[in-house]
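# Overview (structure and organization)
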Amino acid sequence: MPDPAARETPAPQVSPDNPCPFLRALVAGDYVGGHTVPLPELTGTIGRATGKTGVAGAIARAKIFVVAQGANGFGPFSQLRNLLQGATLDQLRNGPLDKHGAGSRILDQHAVAHQDEIERLASYGKDFKGPDGSVERGLSASDIKSFMADNFTRAKQEHPPSYAILRCHYPLLMLGEWPVLLDIMGKGEGNDRYLSVAEVRTLFVERRFPARIVTRLQQGP
């Protein structure tokens, strides 16, 4: 009988043209394929990772479906292809969801994780007491908001003035990244909910999910 823990071991190769750490971990753990994944399969898999059920789960899956359908392009042909065939995960770089340096920069264009950017992320957080009583570094919703705002400011400072106008949608794209990670992987409830920096490092560097997320993913559809 296969060892369930084996699914947590990252695959040797994960496409560098998939810039999303969450999707890369799904591919590395063999929860979805690394190329074209049908939208119902991708939506259902990510939906299980959220742990949400009932009406909340249906709303979460609907949002995931909309984002996945436009991941490879918003043109009519791209939309039709994605709807009929699925999202192509190893062709997401330079697509409509790629923020081109306006994000965290933890994962670069060659899919290399940068420790200094992880440390920069940690500098925006504070110490939290986890559910098991231990203390760890994490970011609350307000910490994440400050982090994303500074990411965009950093990008604007490195580009000509037209950048802020041409890329005004980047702050909206950011709402689908770190706040969603907090929602799915966060610990605690309400204002005390936080995203663990240690778990972020594991996600980006080792392409592995925390055990509680693995448990959700291993549940049947």
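Keep in mind it's a predicted model, so treat the numbers as computed, not measured.

### Description of the confidence of the model for the protein chain
Confidence in the prediction for the protein chain averages 85 pLDDT; 87% of positions are at 70 or higher. Predicted confidence is poor over residues 1-12, with pLDDT under 50, and the contacts of this stretch with residues over four places away or in other chains come to 16 contacts.

### Remarks on the sheet that holds strand β3 (residues 126-129)
The strands that make up a sheet pair up through hydrogen bonds in the backbone, lying either parallel or antiparallel. Strand order in this open sheet of three strands is β3-β4-β5, and the pairing throughout is antiparallel. Two strands in the sheet have a free side with no partner beyond their single neighbour: β3 and β5 (195-196). The pairing of β3 with strand β4 (residues 135-139) spans four bridges and is antiparallel. Among the inter-strand pairings, Lys129 is bridged to a residue of β4, identified as Val135. Across the sheet, helix α6 (residues 141-157) touches β3, β4 and β5, and the angle it forms with β4 is around 50°.

### A few points about a nonpolar patch on the surface
Together, Val67, Phe74 and Leu97 make up a nonpolar patch on the protein surface, roughly 290 Å² of accessible area in all. With respect to the secondary-structure elements, Val67 resides in helix α3 (residues 54-69).

### Structural notes on the pattern of salt bridges
What the rule picks out here adds up to nine salt bridges. Between Lys187 and Glu136 there is a salt bridge; the shortest N-O distance is 2.7 Å. On the criterion of sequence distance, the pair formed by Lys187 in the loop between α9 (178-185) and β5 and Glu136 in strand β4 is long-range, its members being 51 residues apart. Two residues, Glu199 and Lys187, come together in a salt bridge whose shortest N-O distance is 3.5 Å.

The rules we used
- Residues numbered from 1 in each chain as written.
- Predicted model: local features only at pLDDT ≥ 70, side-chain atom pairs only at ≥ 80, totals over all residues.
- Heavy atoms only, no water.
- pLDDT = per-residue confidence, 0-100.
- Contact = heavy atoms within 4.5 Å.
- Pairing = 2+ DSSP bridges.
- Helix = DSSP H or I, 4+ residues; strand = E, 2+ residues; numbered from the N terminus.
- Axes fitted to C-alpha atoms, helices over the stretch in contact; angles between N-to-C directions.
- Patch = residues over 30% accessible without salt bridge, like charges linked within 9 Å, V, L, I, M, F, W, Y side chains within 5 Å.
- Areas by Shrake-Rupley, 256 points an atom, 1.4 Å probe, with all protein chains shown as cover.
- Salt bridge = Lys/Arg side-chain N within 4 Å of Asp/Glu carboxyl O.

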